[in-house]
Amino acid sequence: MSTIKGRWTTRSLGLLAAATVLLLAGCASPRNQAPVEVRPTAPAAAAKPASAPEAAKPASAPASAAGDTRSATYTVKPGDTLMRIALESGQAWRDIARWNGMDNPNVIEVGQVLRVLPPAGEATVSTKPVTPPKIETKPLDGSAKPPATAASGAPPAASGVAPAVPAKDNDDDVQWAWPAAGPVATPFDESRNKGLAITGKVGDPVYAAADGRVVYAGSGLRGYGNLVIVKHNATYLTAYAHNQTLLVKEDQVVRKGQKIAEMGSSDAERVQLHFEVRRQGKPVDPAKLLPAR
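Residues numbered from 1 in each chain as written. Predicted model: local features only at pLDDT ≥ 70, side-chain atom pairs only at ≥ 80, totals over all residues. Heavy atoms only, no water.

What about unusual backbone geometry?
Among all residues except glycine, the phi angle is most often negative; among peptide bonds, the trans geometry is most common. Residues other than glycine seldom take positive phi values, yet His-242 does so here, at roughly 70°. Residue Gln-280 is not a glycine yet carries a positive backbone phi of 55°. Relative to the elements of secondary structure, Gln-280 occurs in the loop between β11 (272-279) and β12 (282-284). (Helix = DSSP H or I, 4+ residues; strand = E, 2+ residues; numbered from the N terminus.)

Thoughts on empty space enclosed by the protein
Gaps left between atoms are located by rolling a probe of water-molecule size over the structure's atoms. Inspection of the entire model under this criterion finds 1 cavity of 30 Å³ or more. Roughly 40 Å³ of internal volume is contained in the largest cavity. Lining the largest cavity are Met-83, Ala-86, Leu-87, Gln-91, Ala-92, Trp-93, Val-215, Tyr-216, Ile-229 and Leu-237. Elements supplying a minimum of two residues to the lining of the largest cavity: α3 (82-89) and β6 (212-218). Ranked by the residues each element gives to the lining of the largest cavity, the list is headed by α3, at 3 residues. Looking at side-chain class alone, the lining of the largest cavity contains 9 nonpolar, 1 polar and no charged residues. (1 Å grid on protein atoms, 1.4 Å probe; cavity = no way out; pocket = protein on both sides within 12 Å on 5 of 7 lines; lining within 4 Å. Points joined across faces, edges and corners; volume = space filled by probe spheres on them. Nonpolar A, V, L, I, M, F, W, Y, C, P; charged D, E, K, R; others polar.)

Considerations on the packing of aromatic side chains
Tallied over the entire structure, the rule returns 2 aromatic pairs. Ring centres of Trp-176 and Tyr-236 lie 5.5 Å apart, and the angle between their planes is 85°; on these two criteria the pair is classed as edge-to-face. Linking Trp-176 in the loop between β2 (113-115) and β3 (184-186) with Tyr-236 in strand β8 (residues 236-246), this pair joins segments that are 60 residues apart in sequence. By relative accessible area, Trp-176 is classed as buried at 10%. Across the ring face of Trp-178, the terminal group of Arg-293 is positioned such that the distance to the ring centre comes to 3.8 Å. (Phe/Tyr/Trp six-rings, centres within 6.5 Å; stacked < 30°, edge-to-face > 60°. Buried < 20%, exposed > 50% of the residue type's maximum accessible area, 1.4 Å probe, protein only. Lys NZ or Arg CZ within 6 Å of the ring centre and 35° of its normal.)

Examining the confidence of the model for the chain
Mean pLDDT over the chain: 73, with 60% of residues reaching 70 or higher. Contacts from residues 124-167, a stretch scored under 50 in pLDDT, to residues over four places away or in other chains number 86 contacts. (pLDDT = per-residue confidence, 0-100. Contact = heavy atoms within 4.5 Å.)

Section: the pattern of salt bridges
Applying the stated criterion across every chain, the model contains 8 salt bridges. A salt bridge links Glu-88 to Arg-278; its shortest N-O distance comes to 3.2 Å. One end of the pair, Glu-88, is in helix α3; the other, Arg-278, is in strand β11, with 190 residues separating them in the sequence. On the basis of relative accessible area, Arg-278 is assigned to the buried category, the value being 1%. In this structure, the salt-bridge partner of Arg-98 is Asp-95, at a minimum N-O distance of 2.7 Å. Remark: Asp-95 and Arg-98 occur in helix α4 (residues 93-99); sequence separation between them is 3 residues, near one turn of the helix. By relative accessible area, which is 48% here, Arg-98 ends up partly exposed. Owing to a relative accessible area of 12%, Asp-95 belongs among the buried residues under this scheme. Bridged by salt links that share partners, the residues Glu-88, Glu-276 and Arg-278 form one connected network. (Salt bridge = Lys/Arg side-chain N within 4 Å of Asp/Glu carboxyl O.)

Concerning α3
With 6 of 8 residues buried, α3 lies mostly within the body of the structure. Along α3, the positions that sit buried rather than exposed are Leu-82, Met-83, Ile-85, Ala-86, Leu-87 and Ser-89.

Thoughts on the environment of Leu-227
You can see Leu-227 is positioned in strand β7 (residues 226-231). For Leu-227, a relative accessible area of 0% gives the class buried. When residues no more than four places from it in sequence are discounted, the contact partners of Leu-227 are Tyr-216, Ala-217, Gly-218, Leu-221, Ala-239, Tyr-240, Ala-241, Asn-243 and Leu-246.

Here it is, written out as structure tokens:
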């Protein structure tokens, strides 16, 4: 009897061991790997790589901002005038007055902060055509020679409506011409002479050095006498000082070689044309831009 009982006990233990092995094998089966995470940890949209370049895309800048090193604002100092600030910043004084909502452009205060660059998307050179006043265009010697360039001493025809000047940002591709026919008496010197002094006789013609629009014509800037300032694009403007007579008005479109004034000695010790070229408001040597004579 004890022998039979021992056999059943041994057999039971064997069956129990086999059952245990089968149970462990079932737990190890891939069908029951619950701890393994097969779903993404975050929504697919969050891991979308295409969003990165869009976030890095810069916002659009104002038309005159590309390559422009000027500060967008200017703090008024003692002795400043709006005309002086406009010349030094390379802008039209009317634009600065408008950008700052100035009712009286003759009144500015020391310490006042002025915007001197245009708001985003605004062009600084208007393209509206303006009919210029009648200007004498016959050759100086009275002959019937065809119009010549300013460098030769005779102006081209200037009748009708002058073409509008396109507003181009940082445009260095300006077609320059000499503003007067006389010799250069004083060359450019950034510290002492911010332009060229071109000599001549009273009444000699003064020509626009390139296509542009007149942004100032008057005598309100001390040291310049009767002055014409022409803005050519968002980068360049030119100044023509010490004239005897001015032949253009503000907001008038002019063409290269067009007679804009007559040489004189207003606010100067001798008859001369003081000619400046300013790039983003900074004086540059006109001789490096003008064609060889």
